[in-house]
Amino acid sequence: MSDLIFEKTSRNDAGWLPALSHSEEEILKFLPASALRRSEAHLPSVSELDVVRHFTNLSRKNFSVDSQFYPLGSCTMKYNPKVLDAIAAADAFSQTHPYQDPQDAQGALRILFETQTLLSEITGMEEFTLQPAAGAHGELCGLLIVGAYHRYKKEKKTKVMIPDSAHGTNPATAALCGYEVVQVKTDARGHVELRDLKAKIDKEVACFMLTNPSTLGLFEEEILEVARLVHSVDGLVYYDGANMNALLGHCRPGDMGFDIVHINLHKTFAVPHGSGGPGSGPVGVKKELVKFLPAPRVLKEGSQFIYEKEAPYSIGKLRSFYGNFGAIIRSYAYIRALGREGLEAVSEHAILNANYLKTKLKDLYEIPFDGYCMHEFVMSAKRQKAKGVKALDIAKRLLDFGIHAPTIYFPLIVEEAMMVEPTETESKATLDEFVKVLQEIQKEIETNPQKVLDAPHTTPVSRIDEVRAAREPNLRYRAK
Amino acid sequence: MHYISNTEEDKRQMLEAIGVASFDALIAKIPKKLRDFKLRLPEGLSELELVRELDAIGAANKNLQDYASYLGGGVYDHYVPALVNHLAHRGEFITSYTPYQGEASQGTLQFIYEYQSMICELTGMDYSNASMYDGASGLAEAALLALRSTGKKKVILPRTVHPEYRAVVKTYLSCLDAEIVEPPFVDGAVDLAALKRALTADTAAVVVQQPNFFGVLEEAREIARLTHEAGALFIASVNPISLGILEPPGDYGADIAVGEGQPLGNPISFGGPHFGFFTVKEPFLRKLPGRICGMTVDKVGRRAFVLTLQAREQHIRREKATSNICTNHSLCALKGAIYLSLLGKKGLRKLALLNVEKAHEAYEKLRRLDGVSEFSKKPFFNEFTLQLKKNPASLKENLAANRIVGPLALSGFYTGMDGRYLFAVTEKRTTQEAERLAQAIQKAKAL
Amino acid sequence: MDTSKLKYTETHEWVSLSGNVATIGISDHAQKEISDVVFVELPAMSRSLKQKESAMVIESVKAAFDIYAPVNGKVIAVNEKLKNKPELVNQSPYQDGWLFKIECSNPGEADSLLTEDAYNSFKSTAHH
């Protein structure tokens, strides 16, 4: 059943294409022989029905939100309304070209403009760009703005600070932008350790990159003090919006002192994850940074939507055209559908579900940090490890029960970390079922650990030999 | 409207289990002054109201189902068979995450492996990653790879490369110690003499777009030879459909080949999301940015797929990663893989020939019009540039009256290009539409 | 192999000195911590290295580890076998799994490195 499509053969005449009106020889006269392909590309050769069966059967080997509970921490695997897919696919939007005269694309421009405005309101920022294609792309945008700001002010800055619990894209982006990375410790309560921050901060610090709630699922109570400290050396505070799902309508990064934010539309704002992308990572800034945003932004002039004509201080372009429009329109429609009350309910139930699960699981797993969590929490399989079963094994065993594994081994500062994010769209009944399954796995750990160590048993493949994959890379099919 | 599954009774029981009286107790740690606001947003809508509202907004767009498009410049109006969306939009693809849990993601992993294989076949390159955001950011990552890999500082980026792509490369390189040189063009193609002058020992890479932004075929093989002679890497940015008939970059000496994948089964969608493909020759495998999928076996020896060579990536190597990229445009790449599977070997060639045929048919019709003059004598694939009158009066109105969108005015991208227009002609365009286009231009006194 | 004559660093490299040529590898303890080595990115020949500078990288499936130069000098040999058989680092850390050789600028530097006993007591107290 895992035959490659290259290994199947049936008739393929590409009959869905119209016929040529001229002979091949006549057409080829338009091109110099030296520019032509000499050997054909070994693409698959199968009938339409076989294409259907192949990809349908592949899809059935995936776990997905549509089919399973998917409590993957930091990823916000919520239900994304299907009407959004239909809206994005409508001809009026999917069949509009970015180089059409703005007059002929007022609908698309309106959506971009209004999304910029809605996101500004929700996050408490002045203006947004929708260009970045993903969270990491947003980080790149943000740090380029940081650089432009300090150059504009003729200040030399060399360092970017991040908490030791940060996502890997933070240091990678800082390095890409030429900054030295300085890590700040997490204290015993799971917050940025102010003493360490004070000890390490100096005039060279360009920016502090932070998620709030943190990757431990905790609200940074000292956020206003953190922002004050960073601002005192004319550093900027950058908000990594990975965890925005906890805050909608309850508090805003802009009010906490963040100068730049990126929002992952594919987490909080209902863009489906699509097996790994596309997402969208819009960036918002405070007033004094607006002029550095990527060009062009969409503006409103009277009743007309237009592209900004001049942006002399802009950091430039991050990609072609105006952003992942097909993702942005989903978020636009989602925000319009939910309104204020709907958005408030999102975070309320995300936080309620997470705290409920945490309460139910605290006897089973060690919870390294006390207190109520926000939309997710981190637990540790340390006790289970003492019995010879690691977080990885539990994650694999969960698959046998038809539940996707939580995020494991992140954040790096928690031993045997399991990060659980139930999201607001799951019901209490689903959460109770999850608890029951973990209790059952716990019994197995006590009585029959081998069963957990050998898991998964019911997936299309059992544990994968990753060492062989990396030692002997086989990264493509080669025709025999 | 909302999509919450908990009932009020559920909520009551959950708060009780947690041991708090109200939801507010759970967020009491958020400083009070941060909570003192109400979002000012439009009222929520039911699904029916939402659909009506979006329909009304969409009506202000001229869409390409109603208009014949001669617009290109990076994204193209190709026909997408119904099957592509039918398969790609299955919930198991659209609502799954990055395949980090391999055993629960064999579907995604296998299609990525097949995608990588197809892209390698198409480009004639050794290895492909699982895809990038788009063609432009992919080109910027290629330039970064070349700079890192050679330790040199100069990137040669001819003015025949898409202006937006050049802008993106400049942004990505803006905080590095790198120099970008942009040789001019002659007869619509890179000025080879200027290119040679720019090629010095400190050159990390030369970029060529094939066909270039004007639609013209560059002398890629010759440029590759010059580039390698100077000890630099050769980066090709290619149109994937053209590779059904044109020599693939792997054959003419590209070290890195990238491009925009939109023509492969993805809707135009106002410019995104699409996918960038990214390929390299063997020596650069470990320097690839982004995700890569490999074939291996499971515990009992069955074929299995998994993300591999991950130690290059940001989630492991952090500040020493080959790129900060995390996501790939999986779903768009899946559409590409389904589209290429449907095309097959024969279809790919036929599609490329159709594009050549239709584009040259339109070119002949337009070129015959009085006052239209050519921009370049060089061969082209499915896009070409023509010189009309400067600032043609009423061109837009006449095109609209003939239900045509495009061509693209180059004056928006280059100074001194008034009256030059870029026409893209795919397999979708008919002889009748080409006639309507010619009439519209004639009538607009654009000549 | 008799490892008692080797010198060690706190970053878990071992050094075997012969004249002014230092052969460098990683300790048995380190290869166990790294687990399955899947790729070794060796230093360029003739590269000048400063003591404690990152010389090369060893990759496992889920991690990458910098290997630091224990002494100042120039790279004069690398273990080419590791390109196709990185697992030698696991199988034979002190012999077939050696990494690279340095021509020392100052052979006396190695004297200040840890002895095997000192390294053993260091690793039993140190956090990784």
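These numbers come from a predicted model, not from an experiment.

**Re the overall build of chain B**
Here is step 1 of the chain: Counting secondary structure elements, chain B contains 15 helices and 17 strands.
Here is step 2 of the chain: Dimensions of chain B, computed from the C-alpha atoms along their principal axes, are close to 80 × 55 × 50 Å.
Here is step 3 of the chain: Here chain B holds 447 residues, and the buried ones make up 67% of them.
Here is step 4 of the chain: Taking the intrachain contacts of chain B between residues at least 6 apart in sequence as the baseline, contacts between residues at least 24 apart amount to 71%.

**Section: the packing of aromatic side chains**
Here is step 1 of the chain: Throughout the structure, instances matching the rule amount to 33 aromatic pairs over all chains.
Here is step 2 of the chain: An angle of 80° between the planes, with centres 5.5 Å apart, marks the rings of B:Phe93 and B:Phe111 as edge-to-face. In this pair, B:Phe93 is assigned in helix α5 (residues 91-94) and B:Phe111 in helix α6 (residues 106-123), connecting sequence segments 18 residues apart. Across this residue pair, the class does not change: B:Phe93 and B:Phe111 are buried.
Here is step 3 of the chain: On the numbers, 4.8 Å between centres and 65° between planes, the contact of B:Phe185 with B:Phe214 is edge-to-face. Pair noted here: B:Phe185 is in strand β5 (residues 185-186) and B:Phe214 is in the loop between β7 (203-210) and α10 (220-229), with a separation of 29 residues, a long-range link.
Here is step 4 of the chain: Owing to a relative accessible area of 23%, B:Phe185 belongs among the partly exposed residues under this scheme.
Here is step 5 of the chain: Judged by its relative accessible area of 0%, B:Phe214 is buried.
Here is step 6 of the chain: Taken together, A:Tyr99, A:Phe321, B:Phe185, B:Phe213, B:Phe214, B:Phe375, B:Phe413 and B:Tyr414 form an aromatic cluster joined through their ring pairs.
Here is step 7 of the chain: Of note, A:Lys291 hangs over the ring of A:Tyr313, and the distance from its end group to the ring centre comes to 5.0 Å.

**Brief notes about the sheet that holds strand β12 (residues 417-420) of chain A**
Residue and element names in this part refer to chain A.
Here is step 1 of the chain: If you walk across this open sheet you meet the three strands as β10-β12-β11, and the pairing is antiparallel. The open sheet has two edge strands with one neighbour each: β10 (377-380) and β11 (407-408).
Here is step 2 of the chain: Two elements, β10 and β12, share four bridges in a ladder whose sense is antiparallel. If you follow Phe 377 over to β12, its bridge partner there is Val 420.

**A word on the sheet that holds strand β7 (residues 64-68) of chain C**
Two pairing modes exist for strands in a sheet, parallel and antiparallel, and in both the strands are linked by backbone hydrogen bonds.
Residues and elements named next belong to chain C.
Here is step 1 of the chain: Taken together, three strands build an open sheet; the order of strands is β4-β6-β7 and the sheet is antiparallel. Each end of this open sheet is capped by a strand with a single partner; those strands are β4 (39-41) and β7. Across the sheet, the mean angle separating the axes of adjacent strands is 20° when strand polarity is ignored.
Here is step 2 of the chain: Bridging between strand β6 (residues 54-59) and β7 involves five bridges; their strand directions are antiparallel. Following the sheet pairing, Ser 54 is matched in β7 by Tyr 68.

**Remarks on unusual backbone geometry**
Here is step 1 of the chain: The residue after A:Phe410, namely A:Pro411, is reached through a cis peptide bond having omega 0°.
Here is step 2 of the chain: One can find A:Pro411 in the loop between β11 and β12.
Here is step 3 of the chain: Going from B:Gln210 to B:Pro211, the amide bond is cis rather than trans, its omega being -15°.
Here is step 4 of the chain: Looking at the element boundaries, B:Pro211 is found in the loop between β7 and α10.
Here is step 5 of the chain: Although it is not a glycine, A:Ser74 adopts a positive phi angle of roughly 75°.
Here is step 6 of the chain: Locating A:Ser74 in the fold gives a position in the loop between α2 (48-59) and α3 (82-89).
Here is step 7 of the chain: Here A:Ser74 falls in the buried class, since its relative accessible area comes to 9%.

**Comments concerning the pairing of strand β9 (residues 304-307) of chain A**
Residues and elements named next belong to chain A.
Here is step 1 of the chain: Pairing analysis gives four bridges linking strand β8 (residues 298-301) to β9, with the strands arranged antiparallel. Following the sheet pairing, Val 298 is matched in β9 by Tyr 307.
Here is step 2 of the chain: Linkage of β8 to β9, two consecutive antiparallel strands, is achieved through a turn of two residues, within which Gly 302 is found at a positive phi near 65°.

**A word on the state of the cysteines**
Here is step 1 of the chain: Per the counting criterion, the structure on display carries zero disulfides over all chains.
Here is step 2 of the chain: Between B:Cys293, a free cysteine, and B:Cys120, which holds the nearest cysteine sulfur, the sulfur-to-sulfur gap is 12 Å.
Here is step 3 of the chain: Looking at B:Cys293, the relative accessible area reads 0%, which means it is buried.
Here is step 4 of the chain: B:Cys326 carries a free sulfur, and the closest cysteine sulfur to it, the one in A:Cys75, is 8.7 Å from it.
Here is step 5 of the chain: Judged by its relative accessible area of 16%, B:Cys326 falls in the buried class.

**Digging into the packing of α2(A) against α6(B)**
A pair of packed helices can be characterised by two numbers: the angle between their axes and the separation between those axes.
Here is step 1 of the chain: Look at α2(A) against α6(B): their axes get within 7 Å of each other, and the N-to-C directions meet at 135°. With respect to their mutual orientation, α2(A) and α6(B) come out oblique. Where α2(A) approaches α6(B), its residues A:His54, A:Phe55 and A:Leu58 are matched on the opposing element by B:Gly107, B:Gln110, B:Phe111 and B:Glu114.

**Focus on the pairing of strand β2 (residues 159-163) of chain A**
Residue and element names in this part refer to chain A.
Here is step 1 of the chain: Here β2 lies mainly inside the structure; five of its five residues are buried.
Here is step 2 of the chain: Neither face of β2 is open: one carries Lys 159, Met 161 and Pro 163, the other Val 160 and Ile 162, and all of them are buried.
Here is step 3 of the chain: Once the chain exits β2 it traverses helix α7 (residues 169-176) before rejoining the sheet at strand β3 (residues 180-184), and the crossover so formed is right-handed.
Here is step 4 of the chain: Bridging between β2 and strand β4 (residues 205-210) involves three bridges; their strand directions are parallel. Each bridged residue has a counterpart across the sheet, and for Met 161 the counterpart in β4 is Phe 208.

**Observations concerning the domain arrangement of chain A**
Here is step 1 of the chain: On domain assignment, one finds that chain A holds domain 1 (5-59), domain 2 (83-337) and domain 3 (344-466).
Here is step 2 of the chain: One C-alpha centre belongs to domain 1 of chain A, the other to domain 2 of chain A, and the line joining them spans 42 Å.

**Some details on the side chain of B:Gln387**
Residue and element names in this part refer to chain B.
Here is step 1 of the chain: Considering the arrangement of structural elements, one finds Gln 387 in strand β14 (residues 383-387).
Here is step 2 of the chain: A polar contact is formed between the side chain of Gln 387 and the backbone oxygen of Asp 418, at a distance of 3.3 Å.
Here is step 3 of the chain: Within the structure, Gln 387 has its side chain in polar contact with the side chain of Arg 420 (distance 2.8 Å).
Here is step 4 of the chain: Dropping the residues within four chain positions of it, Gln 387 is found in contact with Gly 371, Val 372, Ser 373, Asp 418, Gly 419 and Arg 420.

Criteria and cut-off values
- Residues numbered from 1 in each chain as written.
- Chains lettered and ligands numbered in written order.
- Predicted model: local features only at pLDDT ≥ 70, side-chain atom pairs only at ≥ 80, totals over all residues.
- Heavy atoms only, no water.
- Helix = DSSP H or I, 4+ residues; strand = E, 2+ residues; numbered from the N terminus.
- Buried < 20%, exposed > 50% of the residue type's maximum accessible area, 1.4 Å probe, protein only.
- Contact = heavy atoms within 4.5 Å.
- Phe/Tyr/Trp six-rings, centres within 6.5 Å; stacked < 30°, edge-to-face > 60°.
- Lys NZ or Arg CZ within 6 Å of the ring centre and 35° of its normal.
- Pairing = 2+ DSSP bridges.
- Axes fitted to C-alpha atoms, helices over the stretch in contact; angles between N-to-C directions.
- Disulfide = S-S within 2.5 Å.
- Parallel < 35°, antiparallel > 145°, perpendicular 65-115°, else oblique.
- Right-handed = clockwise from strand over helix to strand, strands pointing away.
- Domains from an automatic or database assignment.
- Polar contact = N/O pair within 3.5 Å; in protein donor to acceptor, adjacent residues only side chain to side chain.

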